[in-house]
Each structure stands twice: as structure tokens, then as C-alpha cells.
Amino acid sequence: MSYDALLWLSFGGPEGPADVRPFLENVTRGRGVPPERLDEVEKHYLHFGGVSPINELNRSAIAAVEPLLEMPIYFGNRNWHPMVEDTLAEMKAAGVKRALVFPTSAYGGYSACRQYDEDILRARTAVGEGAPELVKLRQFFDHPLFVDSFADAVRAAAEGLTEYRLVFTAHSIPLSADKAAGPPEEGGGRYSRQVAEAARLVAGKLGVADYDVVWQSRSGPPQIPWLEPDIVDHVEELAGKGVPAVVVCPIGFVSDHLEVVWDLDTEAREKAEELGVGFARAATPNGDPRFAQLVAELVAEHTSGVQPRKLSDFTSAGCTVNGELCAPMCCEPARRPQRPQTSS
Ligand SMILES: CC1=C(CCC(=O)O)c2cc3nc(cc4[nH]c(cc5[nH]c(cc1n2)c(C)c5CCC(=O)O)c(CCC(=O)O)c4C)C(CCC(=O)O)=C3C
Ligand SMILES: [Fe+2]
């Protein structure tokens, strides 16, 4: 099959203080995130001048992939400019008929996979007649280039530390969302099981037998259970056990965006320093040439019949056409809690 372009589809982030609130409104529309949490998260963004690193990181990763492909790369986001519907309109105007889509998330689950299908659907609906056909690339949490990149990043972060605990972290999601992750017949938990598998593969590369998998960046009302433990609580627990240092590997993310530089480099690091625990954070793959190779290889699976490389036994998933689901009822969005109506 031939393709005219690659659409790089990401989350998006604000590029100035005035963008922060409207960006957060876009992210949380209809999701039952309490306003207090939004106020809190707004402060995290304003702490960095209202600029998330995510758009720049995507632009530099795209620049690294461009020389490896024989097709142009377009950049579009779910929550902030360039918005994917505008990008798709531009693609149509440029004569693109069929494109591959690289979503900047390695995992399954509603937020990590299915929501990108919804973005594809939304963009194609907005563009209407003549919208390019969009084929999404598969999940890559178990690709050897992804695993190797993280393994080397942990090695580099741990340099000089003689004794440390290796801690993997990924974005928390509600337990109900994790239960609904994957097709129902699989029994749920596709997101948390894939995160655990990626951690196992990286630890295996490093020859580390004992490590932890924890979660970060939870939001939503406190009465709703999310994946635990939280990274900051976990640092506290390790300190209580006398662990001298932690090396944190953000296995759930591909770039050093705000959830990484705030929740890990700021909050978790401050907690570690307060408790006298050494703290080092492994880099995410974004700046590693192997990440560019990974994207090029996922593309080549479609354009030149390259055999998919994967290190786990998980069923390959995520690759669908025009925002279709991977399977019936796959990664159903969890029912959002009803918020009491406030009159204004
Ligand atoms: C699984 C997952 C990933 C990894 C997969 C992927 O990478 O796609 C991810 C990535 C990201 N999450 C990000 C930012 C935010 N996520 C939020 C809220 C939420 N995330 C969730 C899940 C995930 N999120 C969930 C279940 C919520 C609750 C609301 C809802 O049910 O949808 C909120 C709202 C405020 C808050 O409550 O924190 C913000 C601002 C940024 C951009 C950072 C930047 O700007 O640099 C990135 C890459
Ligand atoms: Fe998020």
C-alpha cells in the first residue's frame, strides 16, 4: 500500500500563559475533573511560564524522523494548536489521499490509544468530503528500540550510584478505565499490564531483578480510585525503608513534557531531597536517534513489508483505519462521575 504522508498526532500543550486555561478546558471537557484540580495544574504550567515543552519536543522529533522517510510529516494535536482538524484540512489541500498516523503514545487504553482514534474521527468529520484516509500505526511499548532506549537512559541516570532502587512510572488512570482497557474478552487491564511488561523488558535488559512500577499525575475527584501507588508516596515509603537513592524511569511517556518535568523533576525530586534520598531521572526516548528509527520502522511495516519487531507476547494492537476501534468495545471510555450542577 502506498501512503502520501505521515501525520504526527500528539496531545498538545500551551505555548504561553494565555493558552493555559483554554488548553486545560480542552483536555478536561466532560471528564469530571474538579475545578480545584484545574487550578492546581494551571499553577504547574505557569511555574514554567505557561509553556509546555511538548510541542517543541514533537517538532524536534519530527525533524529527526523527516530524513528517514520518503514522505512529508504533518503535525497535529488533540488539545492545542496545531489542532489535528486544521492539520488534516491542510493535508487535504496539499492533495494527500492516504496517510499513516503516528500517535505519540506507546500503549493501549482509552487515554493512550482509543482517544487518538476519536481524534482521527473528529478530524475527518471536520474536514468532511475528501478527507484523507488515515491508518494509525500500532502500539510500540514492546518494540526493541523503545526498550533499548529506556534501558540506556536508566544506565546513564544511574551512573555513579552504587545502590539504588529502580522505579518505573506511568500516568495513572482510573481503575475503572484500566479495567475497561483492551477488548472485554481479554479481561481488562491492558494498559497496566503493558506498562508492567515494558518495565519488565527494560529491567531485564539491565539485569535488575527487583524494581517497582508506580503511577503519577492522577487527577479526578479523590473518591474515585486510580492506579496506585503514587510516585511521591512511593519515594516516601522507600525513604522509610532506608533506600539511599531512587532512579526513576518514566516508561509511560515518550518525551520530557510537563507531566515529567513537574511531577517527577519537581515534586518527586523535592520529596526525595527533603528525605535525604538520592534522586535521578532517566531520559525519555524523544531525543534518542533510536526513537526516530522506531517511527521509521513502524512506517516501513506498512510501506515496505518490514516484519514487526516486538519483545512481548501481547497481541499487536492499535493499528486501525479512519479511527475504527481495535476490536468491538475495546478500551470503552469509563463512565464519568456525574458532577453536581452549579448555577452561575
Ligand atoms: C494515560 C495518559 C497519558 C499517556 C498517553 C499519552 O501520552 O497520550 C497522558 C499523557 C498526557 N497528559 C497530559 C496532560 C494532562 N492530562 C490530564 C488529565 C488526564 N490524563 C489522563 C491519562 C493520560 N494522560 C487521564 C485519565 C486524565 C484525566 C482526565 C481524562 O479522563 O481525560 C490533564 C488535565 C489536568 C489534570 O487533571 O492533570 C492534563 C493537563 C500531557 C501533556 C503534558 C504537557 O502539557 O506537556 C500528556 C502527554
Ligand atoms: Fe494526561
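Residues numbered from 1 in each chain as written. Chains lettered and ligands numbered in written order. Predicted model: local features only at pLDDT ≥ 70, side-chain atom pairs only at ≥ 80, totals over all residues. Heavy atoms only, no water.

**Comments concerning the site of ligand 1**
For step 1, the next point in the chain: Close contacts around ligand 1 come from 26 residues, with Arg31, Tyr45, Ser52, Tyr116 and Ser219 the closest.
For step 2, the next point in the chain: Arg37 places a side-chain nitrogen or oxygen 2.7 Å from an oxygen atom of ligand 1.
For step 3, the next point in the chain: One of the side-chain nitrogen or oxygen atoms of His171 is found 3.2 Å away from a nitrogen atom of ligand 1.
For step 4, the next point in the chain: For ligand 1, the protein covers 97% of the area, taking 870 Å² as the surface of the free molecule.
For step 5, the next point in the chain: Only helix H1 (17-28), helix H2 (35-47), helix H5 (110-127) and helix H10 (258-274) provide two or more residues apiece to the shell around ligand 1.
For step 6, the next point in the chain: Looking at side-chain class alone, the shell around ligand 1 contains 15 nonpolar, 7 polar and 4 charged residues.
For step 7, the next point in the chain: Here the shell around ligand 1 spans two domains, and each of domain 1 (5-140 + 287-303) and domain 2 (144-284) adds at least three residues to it. (Near = heavy atom within 4 Å. Polar contact = N/O pair within 3.5 Å; in protein donor to acceptor, adjacent residues only side chain to side chain. Areas by Shrake-Rupley, 256 points an atom, 1.4 Å probe, with all protein chains shown as cover. Helix = DSSP H or I, 4+ residues; strand = E, 2+ residues; numbered from the N terminus. Nonpolar A, V, L, I, M, F, W, Y, C, P; charged D, E, K, R; others polar. Domains from an automatic or database assignment.)

**Considerations on the packing of aromatic side chains**
For step 1, the next point in the chain: If you walk through the whole model with that rule in mind, you get 15 aromatic pairs.
For step 2, the next point in the chain: Ring plane angle 75° and centroid distance 6.5 Å describe the contact between Tyr107 and Phe146, whose orientation is recorded as edge-to-face. Highlighted residues: Tyr107 in the loop between strand E3 (98-103) and H5 and Phe146 in helix H6 (residues 144-158), separated in sequence by 39 residues.
For step 3, the next point in the chain: Under the relative-accessibility criterion, Tyr107 is labelled buried at 1%.
For step 4, the next point in the chain: You can call Phe146 buried: its relative accessible area is 2%.
For step 5, the next point in the chain: Taking 5.1 Å as the distance between ring centres and 85° as the angle between the ring planes, the aromatic pair formed by Phe146 and Phe150 counts as edge-to-face. Of the two residues, Phe146 and Phe150 both sit in helix H6, 4 residues apart, roughly one turn of that helix. Like Phe150, Phe146 is buried.
For step 6, the next point in the chain: A connected cluster of aromatic rings, assembled from ring pairs, spans Trp8, Phe102, Tyr107, Phe140, Phe141, Phe146, Phe150, Tyr191, Trp215, Phe291 and Phe314. (Phe/Tyr/Trp six-rings, centres within 6.5 Å; stacked < 30°, edge-to-face > 60°. Buried < 20%, exposed > 50% of the residue type's maximum accessible area, 1.4 Å probe, protein only.)

**Remarks on the packing of H6 against helix H11 (residues 289-303)**
For step 1, the next point in the chain: Direction vectors running N to C along H6 and H11 enclose 170°, while the axes themselves pass 9 Å from each other. Judged by the inter-axis angle, H6 sits roughly antiparallel to H11. Across the interface between the two elements, Leu145, Phe146, Asp148, Ser149 and Asp152 from H6 touch Arg290, Gln293, Leu294 and Glu297 from H11.
For step 2, the next point in the chain: The class makeup of the residues in the contact of H6 with H11 is 3 nonpolar, 2 polar and 4 charged. (Axes fitted to C-alpha atoms, helices over the stretch in contact; angles between N-to-C directions. Parallel < 35°, antiparallel > 145°, perpendicular 65-115°, else oblique. Contact = heavy atoms within 4.5 Å.)

**Topic: the domain arrangement of the chain**
For step 1, the next point in the chain: By domain assignment, the chain separates into domain 1 (5-140 + 287-303) and domain 2 (144-284).
For step 2, the next point in the chain: Placing the centre of domain 1 and that of domain 2 at their C-alpha centroids yields a distance of 23 Å.
For step 3, the next point in the chain: In this assembly, domain 1 packs against domain 2 so that about 2300 Å² is buried in total across both faces, 67% of it on carbon and sulfur atoms.
For step 4, the next point in the chain: In this structure, Asp152 and Arg290 form a salt bridge, with 2.8 Å as the shortest nitrogen-oxygen distance.
For step 5, the next point in the chain: For the pair domain 1 and domain 2, the number of links is 7 residue pairs in polar contact (both at pLDDT 80 or more).
For step 6, the next point in the chain: Looking at the side of domain 1 that touches domain 2, the elements that each hand over two or more residues are H2, helix H3 (54-65) and H11.
For step 7, the next point in the chain: At 5 residues, H11 tops the list of elements feeding residues into the side of domain 1 that touches domain 2.
For step 8, the next point in the chain: Within the side of domain 1 that touches domain 2, the residues separate by chemical class into 14 nonpolar, 10 polar and 4 charged. (Buried area = accessible area lost by both parts, 1.4 Å probe. Salt bridge = Lys/Arg side-chain N within 4 Å of Asp/Glu carboxyl O.)

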